[in-house]
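Breakdown of the fold
Spelled out from the first residue to the last, the chains are:
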Amino acid sequence: MAHDVAVHPLFSPWGRFGLYSFYVDAPEPAIVDTGIAGSPAEGMAPALEAIGRRIEDVRWILLTHGHIDHVGGAHALWELTGRGAQVVIHEADAPMLRSRRAHVDEYRAGRGRYLRDPEGEARVAAATEAVISGELEPTRLVKGGETLSLGGDVTVSVHALPGHTPGSVAYAIDGQRSVFVGDAVQVHGAANGFPGYTDPSAYRAALRHLRDEVRPRRLYLGHPYRRADGTPYGVELDEAQAREAIDQSLAAEDRVAAAACRCLDAGLPHTDSPYSPFTGAAEELGYTGDPTLEPSPFFTSMHAYRTRGEHVRDKSTRAEPA
C-alpha cells in the first residue's frame, strides 16, 4: 500500500451516547457501523458532503456487532447507496440485523431478568421500532479470518473478537493496522461507567488477540470509553493509547470478575438494592451508577459470570501467558 487510507469519524448524537461511524476513503468506500435510523441522512450524508464525498458512493457497510446503536441505521444507509453496498456482519450477530425481535429476545434472556421493570420488554420493542431503520438480510456473513477487497490495493482483514457480543469483530486495514473494534474494547465502560460483555472468557481472549496478534497502530472505538479515573478516551487512539486501553480493559475485567465470583460464591440474596441480586459485587467495586439505564452493562456482565460458571473455573485460565 503506497499510502495510508484516510479514515473520517462520523458522529451522530443519541441520548446520553455519542454514536460513531467511520468512513474509509478507499476506491470502494466503506462505512463501519451505522448508528441509528436517522444517522445516515442526518449525520453521515452532511459530514461526507463537507469533505467532498457522497453517501451514494459507499460500497461497503461493515458492522462490528449487532447492537441497536450500531446496526440501527444499516437499512437506511443501504437504501441511500441505491442498495448497492455490501452489508457485512458476523454470522452470530446476523439475527440482530435480520429481526427487531432478536433484540427483545436478548433483553428477556439477559439483563431483563434483573431490572424489575414490568414495562421493560415493551420499552425495548418500542426502541427497536424507533431506532432500527429496517430489518435487513446481510450480503455477506463472516466468521473471522476473511479478507475483503475495497478496490485497488486496499484490503481489510476480519478478526473475530467475541465477548461483548458473540459476533463482535474487528476490521483491520491491511498494511497500516488501522483497526475498528466497535465495542469490543470496553475499558472501564462508557456512559454507564461499567464494562459490558456476554462472555467473560471470550472477552479476555479477544482482548489478548487484539493486543498481541492484531497490534493496532490506530484503534477506532465505538464510543468514548473511560479510563479508571473516569476520563474518556477519544474514539481515535494512537498505538500507545491502544495498548493502554486494551491493558486497562483486561485489568477492569479481572477486577470485575473477582468481585462477581465472590458474590456468586456467597449466594445471591434478593434485596431492595437496585443492584440485587449482585449487591455484593457492586459494593466491592464501588459501583454507584444507575444499573437500570440501557444498555444496563452491570446486569449484562453479572449475568454472564453467573450463567457461564465463571466463579467455579480454574483460576489459571485468567493468568496472562508467559
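In the block above lies the structure referred to throughout.
Summarised in this report is the structure supplied together with it. (Residues numbered from 1 in each chain as written. Predicted model: local features only at pLDDT ≥ 70, side-chain atom pairs only at ≥ 80, totals over all residues. Heavy atoms only, no water.)

Let us look at the pairing of strand β5 (residues 86-90). Among the 5 residues that make up β5, 4 are buried, leaving the element largely enclosed by the rest of the structure. In this structure, strand β4 (residues 60-62) lies alongside β5, joined through 3 bridges in parallel fashion. Note on β5: the bridge partner recorded for W60 is Q86. (Buried < 20%, exposed > 50% of the residue type's maximum accessible area, 1.4 Å probe, protein only. Helix = DSSP H or I, 4+ residues; strand = E, 2+ residues; numbered from the N terminus. Pairing = 2+ DSSP bridges.)

So, about the sheet that holds strand β8 (residues 155-160). What the 6 strands build is an open sheet, ordered β7-β8-β9-β10-β11-β12; its pairing is mixed. The sheet is open, and its two borders are formed by β7 (147-149) and β12 (236-238), each paired with just one other strand. Each adjacent strand pair in this sheet contributes to an overall mean axis angle of 25 degrees, direction not counted. As defined by bridge partners, strand β11 (residues 218-221) adjoins β12 across 3 bridges and the pair is classed as antiparallel. Bridging across to β12, R218 finds its partner in D238. Along the sheet, helix α7 (residues 200-214) contacts β8, β10 (178-182) and β11; its crossing angle with β10, the most-contacted strand, is approximately 175 degrees. Those strands touched by helix α8 (residues 239-265) are β11 and β12, and its axis lies near 105 degrees from that of β12. (Axes fitted to C-alpha atoms, helices over the stretch in contact; angles between N-to-C directions. Contact = heavy atoms within 4.5 Å.)

So, about the state of the cysteines. For the structure on display, the rule yields 0 disulfides. Considering cysteine sulfurs only, C263 is the nearest to C261, which forms no disulfide, with 9.7 Å between them. Note on C261: relative accessible area 3%, which makes it buried. (Disulfide = S-S within 2.5 Å.)

To continue, consider the nonpolar core. Formed by 46 residues in total, the largest nonpolar core has its most connected members in V181, V185, L210, F298 and M302. Elements with a minimum of two residues in this core: α5 (101-109), β9 (169-173), β10, α7, β11, α8, α9 (279-285) and α10 (297-307). Top element by residues in this core is α8. It accounts for 10 residues. If near-sequence neighbours (up to four positions away) are discounted, L210 is found in contact with L161, V179, V181, V185, R215, P216, L219 and I246. Within the second largest apolar cluster, 22 residues are counted, among which are V24, A30, V88 and V158. (Core = buried A, V, L, I, M, F, W, Y, C linked by side-chain atoms within 4.5 Å.)

Turn by turn, an α-helix covers 3.6 residues, leaving residues three or four places apart pointing in a common direction. Helix length check: α8 (27 residues) gives 39 Å between terminal C-alpha atoms against 39 Å at 1.5 Å per residue, within 8%. N-cap assignment for α8: the residue whose side-chain oxygen lies 3.2 Å from the backbone N of A240 is D238. In the stretch just after α8, G267 is the one whose phi turns positive, near 95 degrees. (Expected span 1.5 Å × (residues − 1). Polar contact = N/O pair within 3.5 Å; in protein donor to acceptor, adjacent residues only side chain to side chain.)

As a further point, take unusual backbone geometry. Apart from glycine, the bulk of residues carry a negative phi angle, and the bulk of peptide bonds sit in the trans form. Backbone torsion omega between S276 and P277 reads 5 degrees, so that peptide bond is classified as cis. With respect to the secondary-structure elements, P277 resides in the loop between α8 and α9. Across the junction of E294 and P295, the peptide omega takes the value 15 degrees, indicating a cis bond. As for its position among the elements, P295 is in the loop between α9 and α10. Of note, the phi angle at R177 is positive, near 50 degrees, even though the residue is not glycine. Mapped onto the elements, R177 comes out in the loop between β9 and β10.

Attention now moves to the sheet that holds strand β1 (residues 7-14). Read from one edge of the open sheet, 6 strands run β1-β2-β3-β4-β5-β6, paired in mixed fashion. This sheet does not close on itself; its edge strands, each paired only once, are β1 and β6 (140-142). The average undirected angle you get between the axes of adjacent strands in this sheet is 20 degrees.

A few words on the side chain of R100. Considering the arrangement of structural elements, one finds R100 in the loop between α4 (94-98) and α5. Residue classification places R100 among the buried residues on the basis of a relative accessible area of 17%. Beyond its immediate chain neighbours, meaning those up to four positions away, R100 contacts T128, E129, I132, S133, G134 and E135.

The final tally for this structure, using the stated rule, is 20 salt bridges. A salt bridge links D4 to R218; the nearest nitrogen and oxygen atoms lie 2.7 Å apart. Here the residue D4 occupies a position in the segment before β1, and R218 occupies one in strand β11, the gap between them amounting to 214 residues. The class of D4 is partly exposed, set by a relative accessible area of 45%. For D212, the salt bridge goes to R211, with nearest N and O atoms at 2.8 Å. Counted as one network, the salt bridges with shared partners bring together R101, D105, R108 and E121. (Salt bridge = Lys/Arg side-chain N within 4 Å of Asp/Glu carboxyl O.)

Keep in mind these numbers describe shape, not what the thing actually does.
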